[in-house]
Amino acid sequence: MIELRGVTAARGPGLRPAVRDIDLRIPRRGHTAIVGLSGSGKTTLFSLILRFLQPQEGSLLLNGQAYEESAPWELRAKIAYVEQETPLVPGTIGENLRFSHPEATDEELRRVLREVGLDGKVDSLEDGLDSPLSPATVSGGERQRIALARAILRTPDVLLLDEATAQIDALSEAAVHTVIRDRDRDRDRARHGAVVTIAHRLSTVLDADAIIVMEAGRIRATGTHETLLATDDLYRRLISALRINATQPAA
């Protein structure tokens, strides 16, 4: 579980706080979506959770332990992060998957490739896992799925997705949602933990167990889709915008 207690933080020295007085609990299991207008503080929350940013006030805890009691590498070993355009390293597909988990077996790699729907693609390549990661072997959407597979190979306590479906093809979007649903459905399995997404698509919000609505650096409302749709005007406006986006073809 991640907990933020009275957290206020700015994006840099001398800047105004990007988030203020944040009290938030993210449970050990399930899918939490974060929504809000641009500049509402969503990315700042992720930066705090990843310890890329230190709070000016308040504290963060992971599984009951204060952040400052652990080294940054110890925290990041328990948290996986997939950006909209996650960088991959030069080399083969297998080397990219093993980047943070070098001792992983080929079978473990094939398992995560199955989870993101890329096992058939990799098997079709002449050199399989030893194929170079290049535009000649994988598309942009497939590169994003490899980044997701690399993240879940680490079996993190918390998987952070900075709306990994925002700029990818429909097959890759479906793979992301399959991973989210599988982690949620199998929440009693030790290797599954929390999923937290910054949401820009309607399907991501509808899948969530809990939704956090951010406004001007504060948490405006928290609830399920149905509850927020009935009680929060900003959420209704955001959902209307997401419905418009959902009608556009995937990039």
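Residues numbered from 1 in each chain as written. Predicted model: local features only at pLDDT ≥ 70, side-chain atom pairs only at ≥ 80, totals over all residues. Heavy atoms only, no water.

An unreviewed UniProt entry annotates the protein chain as ABC transporter domain-containing protein of Actinocorallia libanotica.

(A) Focus on the environment of Ala33. Following the sequence through the fold, Ala33 ends up in strand β3 (residues 30-36). You can call Ala33 buried: its relative accessible area is 0%. Counting along the chain gives 180 residues from Ala33 to Val213, while the straight-line C-alpha distance between them is 8.6 Å. Among residues more than four places away in sequence, those in contact with Ala33 are Thr197, Ala199, Ala208, Ala210, Ile211 and Ile212. (Helix = DSSP H or I, 4+ residues; strand = E, 2+ residues; numbered from the N terminus. Buried < 20%, exposed > 50% of the residue type's maximum accessible area, 1.4 Å probe, protein only. Contact = heavy atoms within 4.5 Å.)

(B) How the structure looks around helix α4 (residues 106-115). Buried within α4 are the following residues: Leu109, Val112, Leu113 and Glu115. For α4, the angular spread of buried residues about the axis comes to 155 degrees, placing them on one side. Downstream of α4 by a residue or two, Gly117 has a phi angle that is positive, lying close to 70 degrees. (Arc of directions from axis to C-beta.)

(C) Quick peek at the environment of Pro55. Within the secondary structure layout, Pro55 lies in the loop between α1 (42-49) and β4 (57-62). Look at Pro55 and you get partly exposed, because its relative accessible area is 24%. Taking the C-alpha atoms as reference, Pro55 lies 9.4 Å from Val19; in sequence the two are 36 residues apart. Once residues lying within four places of it in the same chain are set aside, the contact partners of Pro55 are Val7, Thr8, Ala9, Leu48 and Leu60.

(D) Layout of the packing of α4 against helix α6 (residues 140-153). Put simply, α4 and α6 touch, their axes get as near as 9 Å, and they point 125 degrees apart. When the axes of α4 and α6 are compared, the pair comes out oblique. When you trace α4 past α6, the crossing you get is right-handed. Mapping the contact onto sequence places Glu108, Leu109, Arg111, Val112 and Glu115 in α4 and Ala149, Ile152 and Leu153 in α6. (Axes fitted to C-alpha atoms, helices over the stretch in contact; angles between N-to-C directions. Parallel < 35°, antiparallel > 145°, perpendicular 65-115°, else oblique. Left-handed = near helix turned anticlockwise from the far one by under 90°.)

(E) Seen up close, the confidence of the model for the protein chain. The share of residues in the protein chain with pLDDT of 70 or more is 88%, and the mean pLDDT across the chain is 86. Contacts of residues 187-191 to residues separated by more than four positions or lying in other chains number 10 contacts, the stretch itself having pLDDT below 50. Note that residues 246-251 has pLDDT below 50 and, in this model, 9 contacts with residues that lie over four places away or in other chains. (pLDDT = per-residue confidence, 0-100.)

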